[in-house]
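A closer look at the structure
Here are the chains, one letter per residue:
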Amino acid sequence: MKILVVDDSKAMRMIVKRNLSQVPGFGDIETIEAASGAEALELVRGGAAPDLILSDWNMPEMTGIEFLRALRADGVLIPFGFVTSESQPEMRAQGIEAGAAFLLAKPFTPDDFSEILSSMV
Amino acid sequence: MPTTYPMPIQEAVRDMLGDLVGRGIAVDKTSPLELEDDTVGAVSDLITDDGNLAVVLVADLALVAALGASLTMVPAVIVQESVRKNRFEEEALVENYGEIVNIISRLFNSASTPHLRYHTTYLLPGEVPPEVSKLRENHAARRTFAVTVEGYGDGKLELSVG
């Protein structure tokens, strides 16, 4: 499984990848990284073809929600989840409406991460 | 919509930091953080979606280093060296601390106040925008906490709400 991890924080990309490696059932995971929505969009448009995208919300250049909308406008339907410090109901609703499968609020425990991602295996 | 943002209590700060760095965190109220011209630390700000400044957080070098290191398990010796030399020994300490502020910004959001998000971290000593210093001086509410990060050390965190 190839997962695109999008976050402007290098530390958070590392933490997400560490948690991914602990999710039961994910097996061999290949991760690719991007530091902004713009960089991630370029990767996907360039043919990166991840099976799942995990993205932060607030990022410079292009936010996570803008990235998701751009993907869907391109007709790209790769499963997409937000991993973000944003947890307000209206932002969650906005994300889901744009096509996100879930919004996982930071900070998350390995169990939170496993629970939400195991359902996608 | 009211603009008096919620001021987090020490238990909320403790629990969120603990979940974030995955280790024991102790948080207690303490005396105000005194900033001198040569104080080494970090000033961070939270802004509304319209760009209005709302919250200012200040942490001393020891806490920035301890929290920053614990997030990605940087060896504790780097924190000790930073404190001993009174400077950040690795850029990652400050970068990681910025991510921590980004995440704890959740504590200042509520259903009845405008949405806030993390903006920037400014290093001390160094230039801090006048409006940030002004909010710190003329805050509507302020709390200062002594924060201990298990295995990494302790320092002060000051929260000022405009």
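The paragraphs below set out a description of the structure included in this document. (Residues numbered from 1 in each chain as written. Chains lettered and ligands numbered in written order. Predicted model: local features only at pLDDT ≥ 70, side-chain atom pairs only at ≥ 80, totals over all residues. Heavy atoms only, no water.)

1. Brief notes about the sheet that holds strand S3 (residues 53-60) of chain B
All names here are of chain B. One open sheet holds the 6 strands; their spatial order is S1-S5-S6-S3-S2-S4, and the pairing between them is antiparallel. Bordering the open sheet on either side are strand S1 (25-29) and strand S4 (116-124), each of which pairs with just one other strand. Each strand axis lies, on average, 20 degrees off the axis of its neighbour in the sheet, ignoring direction. In this sheet, S3 lies alongside strand S2 (residues 41-48) in antiparallel orientation, the contact comprising 7 bridges. Among the inter-strand pairings, Val43 is bridged to a residue of S3, identified as Val58. Together, S2, S3, S4 and strand S6 (153-161) form the strand contacts of helix H4 (residues 91-104), whose direction differs from that of S4 by roughly 150 degrees. (Pairing = 2+ DSSP bridges. Helix = DSSP H or I, 4+ residues; strand = E, 2+ residues; numbered from the N terminus. Axes fitted to C-alpha atoms, helices over the stretch in contact; angles between N-to-C directions. Contact = heavy atoms within 4.5 Å.)

2. Re the interface of chain B and chain A
Of the residues lining the interface, 17 residues belong to chain B; the matching set on chain A comes to 18 residues. Between chain B and chain A lies a buried interface of about 1400 Å² when both sides are counted; carbon and sulfur atoms form 56% of it. On the chain B side of the interface with chain A, the three residues burying the most area are B:Glu99, B:Arg106 and B:His115, jointly 36% of the side's total. Taken together, the connections running from chain B to chain A amount to 1 salt bridge. Between B:Glu99 and A:Lys106 there is a salt bridge, and its shortest N-O distance comes to 3.0 Å. (Buried area = accessible area lost by both parts, 1.4 Å probe. Salt bridge = Lys/Arg side-chain N within 4 Å of Asp/Glu carboxyl O.)

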